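# Chain and residue survey
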Amino acid sequence: MPGPVSKVCARRKLYAALAVTAIVTFGQSYEVAAKFTTDGGKLRAALNGAQVGYSATDYVQALRGASELFKEINLKDRRIVLISDFQAAGRNPAENSFQLSQDIKLQTMDVGEQNASNLAVTDISAQALIYQPKYEDKLTARIANFGEEARSGVRVEFVLNDHAVEKRELKIAANDSTTVEFTGFNLNEGVNRCEIRVEGDDFPFDNKFYFTLRRTEQLKALLIETASRGRSESFYFRNAMTTGENLPFNVEAKTAGTVNPTDLSSYRVVILNDAVISQALAAGLIKFVEGGGGLIISAGPHTDSAGFNQVFQNAAPAKLEERILLRGGSGGDYVTMSEIKTDHPIFEVFRKSGRLSSARVFGYHRATPREGAGVLARYEDGNPALIEATQGTGKILLFTSTFDASWNDLPLTPLYLPLVRQMTRHLGEREERPWYPLGQTFTVTAAKDGSVPAVDLPSGERLTERKQTATGELIVAAKEPGFYRLRFPNASDYTAVNVDTKESDLTKLNVEEFVRTVTGADAKAQTAAGANEKLSKEEVESRQRVWWWLLIVAMLLFLTEAILSRRTRMAKVIG
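To start, this report covers the structure provided alongside it. For clarity, every value in this text was computed on a predicted model and none was experimentally measured.

### Quick look at the packing of helix H5 (residues 279-290) against helix H6 (residues 305-312)
The N-to-C vectors of H5 and H6 enclose an angle of 55 degrees; their axes lie 9 Å apart at closest approach. As the angle between them shows, H5 and H6 are arranged oblique. In this structure, H5 crosses over H6, and the sense of that crossing is right-handed. Facing Gln279, Ala282, Leu285 and Ile286 of H5, the residues of H6 in contact are Gln310, Val311 and Phe312. Grouping the amino acids of the contact of H5 with H6 by side-chain chemistry returns 5 nonpolar, 2 polar and no charged.

### Some thoughts on the pattern of salt bridges
All chains considered together, the criterion is met by 22 salt bridges. The salt bridge involving aspartate 103 is made with arginine 78; its shortest N-O contact spans 3.9 Å. Here aspartate 103 is found in the loop between strand S3 (78-84) and strand S4 (104-110), whereas its partner arginine 78 is found in strand S3, with 25 residues between them in sequence. The class for aspartate 103 is partly exposed, based on a relative accessible area of 41%. You can call arginine 78 buried: its relative accessible area is 16%. Salt bridges sharing common partners tie together Arg214, Arg430, Glu432 and Asp493.

### Considerations on the layout of surface pockets
Space inside the largest pocket adds up to approximately 1,600 Å³. Mapped by element, the contributors of at least two residues to the lining of the largest pocket are strand S13 (190-199), strand S14 (208-215), strand S25 (394-399), helix H8 (416-428), strand S27 (441-444) and strand S31 (492-498). Classifying every residue of the lining of the largest pocket gives 15 nonpolar, 18 polar and 14 charged. Taken as a whole, the second largest pocket holds about 750 Å³ of empty space. Surrounding the second largest pocket, 21 residues form its lining, Gln127, Glu348, Gln422, Arg425 and Glu429 being those nearest its centre. Sorting elements by how many residues they give to the lining of the second largest pocket places H8 first, with 4 residues. Looking at the lining of the second largest pocket residue by residue, the classes come out as 8 nonpolar, 4 polar and 9 charged.

Parameters at a glance
- Residues numbered from 1 in each chain as written.
- Predicted model: local features only at pLDDT ≥ 70, side-chain atom pairs only at ≥ 80, totals over all residues.
- Heavy atoms only, no water.
- Axes fitted to C-alpha atoms, helices over the stretch in contact; angles between N-to-C directions.
- Helix = DSSP H or I, 4+ residues; strand = E, 2+ residues; numbered from the N terminus.
- Parallel < 35°, antiparallel > 145°, perpendicular 65-115°, else oblique.
- Left-handed = near helix turned anticlockwise from the far one by under 90°.
- Contact = heavy atoms within 4.5 Å.
- Nonpolar A, V, L, I, M, F, W, Y, C, P; charged D, E, K, R; others polar.
- Salt bridge = Lys/Arg side-chain N within 4 Å of Asp/Glu carboxyl O.
- Buried < 20%, exposed > 50% of the residue type's maximum accessible area, 1.4 Å probe, protein only.
- 1 Å grid on protein atoms, 1.4 Å probe; cavity = no way out; pocket = protein on both sides within 12 Å on 5 of 7 lines; lining within 4 Å.
- Points joined across faces, edges and corners; volume = space filled by probe spheres on them.

Here you go:
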């Protein structure tokens, strides 16, 4: 039998083997707060230094982090304790193939409510760029009721630049959502900070939705046409660009002979509408595009293929070839547009609302796209209809038919106006997003002198990271919801960030099924196996100490995602 000293040594070895502990925090990704150690001071320091975050939940990421840590140490008893409210939203279907090693035991502790409810603002739909003092479009907000009971008297408020604009009361059925609309309000010049707020529950973190609306001046567009053309040949295009509210472009029409190439830099988009131009004007247009401008070219009956290819050389998206003229008319020959890239920004409005194939084309130019150009749409005979190419920092679109009704009936269909506007917006209107999701990065354009702004976080702290892109733009990682203030030398700008609203749905995860998926074993069986282990007195004493630490570790995992979930039992667990 071993003596007293041997027993003490054996106990210490057992305690060291069982008490070794690591801490992993997680949200959508994991972070190792403390590697395996028996040093209680280090573990306490890691716990005290942990920060509660706003990111969404991904349970598999937490398990991946723990699995990676186990590779660094040789332990017989490998055990992960995962404490959470176990929302179904925390399970990523794309990770269903992940499994823990068979020698790792997984134990779970559910501290969430079984029938938790929550109100949340889950989305907004808004026109981010406004070109007039009043917002005439519909600003739509979606309010969701994640609960088993209908909610009445739900108060919704629209706040603009810290001032309440309008309040509404809604009734929302159980596990349902509804929309509320606001319109007809005035905007300040520049950026406007907007919030949709909902009241009526005890979980405030998803009760505000932040976004920006920017009021700016109209962009200048130049329409170039041939002097010999009749007025009706430009009528449809000009009418499409000048009819309606919140028009982004102020269109000016000139004949090719009256355009000064040196004046092109004052325009954002130039439309060459089946016009015959000189070599000097073509060179000016190429320089305009290389400097970041947008050029739309329509090739119709006035466009000579040989002359076009000569003045543009290799700068155009395609080399024009012979004309294809079909009989047209009722019962005549025609082709339609097909093979449309509906994932391109120009055609995104047609995914659900209309079909370009309903327009009939009676005439067009054959074209051979140059290297690097992309065909966005084709006629049903396979010939290109719309071709896009990049030149310098700008872009060119080539439409091989006409913008009037001479070679097609597109202007006579309801598809014409949105198509023409999407083409000009794609080339000339800058991308403006009303908000960004938490966890995503966004860039801030440098000032004219090349300097980047100071950035104040929603918490009021100053951003210390100063990473920049190759073109000098500041890279900002969105880690907090709210407004990021961008301090330029002479003005301030704002960018809005919101939490991942999938966390607002508190529907419970099937924990037993989840454990089976990631372990290949039954959750109840694992728990029973752990309970049926026969331990000596020394082992019991040591494991009691170990489980004290494991519970602290699990609590930290729980706290990491607590900010985005309803935690009414949290105080009890800590107590």
